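These are the residues of each chain, in order.
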Amino acid sequence: MTDVSGWWQPLQESLAASPMLAIALTLGAYACGSWVFHRLGSPIWAPPVLVSAMLLSAVLAVLTIEFRDYRAGAQWLTVLLGPATVALGVPLYQQMHHIRALWRPILCTLPLAATLAAVYAVVIAGLLGATPEVLASLAPKSVTAPIAIGITEQLGGSVPLMMGGLLITGVVATLCVDVLARWLAITDERILGFALGLNGHAIGTARAFELSATAGAFASLGMGLTGVFTAIFLPLAFRWIGL
Amino acid sequence: MVMLRGFLVLSAFFVAGEALRLLLALPISGGVLGMVLLTAVLMLRGAISDSLAVASQGLISVLVLLIMPGVVGVFFLGDAFDGQWLAVGVALAAGTLLSVLTTLWLMQRFTNDPQEAKHDD
């Protein structure tokens, strides 16, 4: 106890060998990020996950922890994404009754709109010379994160690049729905909610719940159906095209 | 124990999804297949057990925490994608604008069609 460096060195080494440091840092950044997000007045352009991730990156840089080491420890958290993805089936089932109210427009819109959400981005990026790895990372850009991670891994894309694209898509989709709905004079909250969930995944759905509970329910439905449809369609399409 | 029982159900569906993926050589992730299986079973049963509701709510409420390590990776990409950022930016911005426009247009078109709706009655 008398020699400070005598216990700090072993502590640092033992923490580096176990995942607890990575888990504690992630939990801490999550708590701080949520607090900052609420202090900022819950802005759409800075979702809590972005605020928390920026904080955590800064902490890793200051403590000179290698991202590779951090990711190895954080695996103990990310492995839970598997059962968490399965858990999304519960709210999807609970929103299913909304399909009855608007089954025809939903069935006509969903396959085409969810396919085009991926096709537009892949075609534009492809024309601008993006590599297959980048295309695979952009394709699931409108899908909710836990499902999108599974899709990107299947397609051979980069999960971090996909996550960045997902965040930007969520924010841009939310702004586009606001602007375009006014331009097209659409006021039906069910349509606005569905468009927010289909294109803007969890970020759009959060915005829809601000509009109304109805918009939020249709956004949840749009997000869930888009996730399932895209997760089945994209890997098969990529395999078929041979990317 | 209630939450653990629900977690057992979720884990079992995840394992079933993985088994299905390997068995049929599908390129779809085990989690998604498990989710589809779970939704199908719930629709057949028409009810959710308390333990499943508690466990799924618990996991969904910490989703942001679970995806955070992936988002942190964005700041450590370094120069892995140099020269492609223009393509990425334009694809995300223009692609999202187009897909939102498509969705709104399709939904509006199919909702405001009283002639078509009459056939359902």
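As a starting point, this report considers the structure included with it. (Residues numbered from 1 in each chain as written. Chains lettered and ligands numbered in written order. Predicted model: local features only at pLDDT ≥ 70, side-chain atom pairs only at ≥ 80, totals over all residues. Heavy atoms only, no water.)

## Overview of the overall build of chain B
In terms of regular secondary structure, chain B is built from six helices and zero strands. Taking 121 residues into account, the globule formula puts the C-alpha radius of gyration at 14 Å, and chain B, at 21 Å, lies well above it. Counting only C-alpha atoms and orienting by the principal axes, one finds that chain B spans roughly 55 × 50 × 30 Å. Residues counted as buried form 39% of the 121 residues belonging to chain B. Taking the contacts inside chain B whose residues are at least 6 apart along the sequence as the reference set, 49% of them involve residues at least 24 apart. Here chain B displays about 6,300 Å² of accessible surface, and carbon together with sulfur accounts for 68% of that area. (Helix = DSSP H or I, 4+ residues; strand = E, 2+ residues; numbered from the N terminus. Rg over C-alpha atoms; globule rule 2.2 N^0.38 Å. Buried < 20%, exposed > 50% of the residue type's maximum accessible area, 1.4 Å probe, protein only. Contact = heavy atoms within 4.5 Å. Areas by Shrake-Rupley, 256 points an atom, 1.4 Å probe, with all protein chains shown as cover.)

## Structural notes on the packing of helix α1 (residues 2–24) of chain B against helix α2 (residues 30–45) of chain B
Residue and element names in this part refer to chain B. Orientation of α1 relative to α2, taken along the N-to-C sense of each, is 115°, at an axis distance of 7 Å. Crossing of α1 over α2 shows right-handed handedness. Touching Leu10, Phe13, Phe14, Ala16, Gly17, Glu18, Leu20 and Arg21 of α1 are Gly30, Gly31, Leu33, Gly34, Leu37, Leu38 and Val41, all from α2. Taken together, the residues of the contact of α1 with α2 sort by class into nine nonpolar, four polar and two charged. (Axes fitted to C-alpha atoms, helices over the stretch in contact; angles between N-to-C directions. Left-handed = near helix turned anticlockwise from the far one by under 90°. Nonpolar A, V, L, I, M, F, W, Y, C, P; charged D, E, K, R; others polar.)

## Structural notes on the interface of chain B and chain A
Listed per partner, the contact involves 70 residues of chain B and 94 residues of chain A. When chain B packs against chain A, the two sides together hide about 7,200 Å² of surface, and 83% of this comes from carbon and sulfur. Of all residues in chain B, Pro27(B), Leu104(B) and Met107(B) give up the largest surface area on contact with chain A, accounting jointly for 10% of the area buried on that side. One can count zero salt bridges joining chain B with chain A. (Buried area = accessible area lost by both parts, 1.4 Å probe. Salt bridge = Lys/Arg side-chain N within 4 Å of Asp/Glu carboxyl O.)

## Remarks on the side chain of Thr96(B)
With respect to the helices, strands and loops of the structure, Thr96(B) is situated in helix α5 (residues 85–111). Among the polar contacts made by the side chain of Thr96(B), one reaches the main-chain carbonyl oxygen of Leu92(B) at a distance of 2.5 Å. Ignoring sequence-local partners within four residues, the contact set of Thr96(B) consists of Lys141(A), Thr169(A), Val172(A), Ala173(A) and Ala91(B). (Polar contact = N/O pair within 3.5 Å; in protein donor to acceptor, adjacent residues only side chain to side chain.)

## Observations regarding helix α3 (residues 48–62) of chain A
When the terminal C-alpha atoms of α3(A) are compared, their 21 Å separation across 15 residues agrees well with the 21 Å that a helix rising 1.5 Å per residue should span. Check the buried side of α3(A) and you find it contacts α2 (20–39), α4 (67–78) and α11 (159–183) of chain A together with α4 (63–72) of chain B. Note on α3(A): the residue one or two positions beyond its end, Thr64(A), has a positive phi of about 50°. (Expected span 1.5 Å × (residues − 1).)

## Observations regarding the packing of aromatic side chains
Under the definition given, this model contains four aromatic pairs over all chains. Taking 6.2 Å as the distance between ring centres and 35° as the angle between the ring planes, the aromatic pair formed by Phe67(A) and Tyr70(A) counts as tilted. Of this pair, Phe67(A) and Tyr70(A) both sit in helix α4, three residues apart, which is roughly one turn of that helix. Each of the two residues, Phe67(A) as well as Tyr70(A), counts as buried. Site record: aromatic cluster; members linked through ring pairs are Phe67(A), Tyr70(A) and Phe76(B). (Phe/Tyr/Trp six-rings, centres within 6.5 Å; stacked < 30°, edge-to-face > 60°.)

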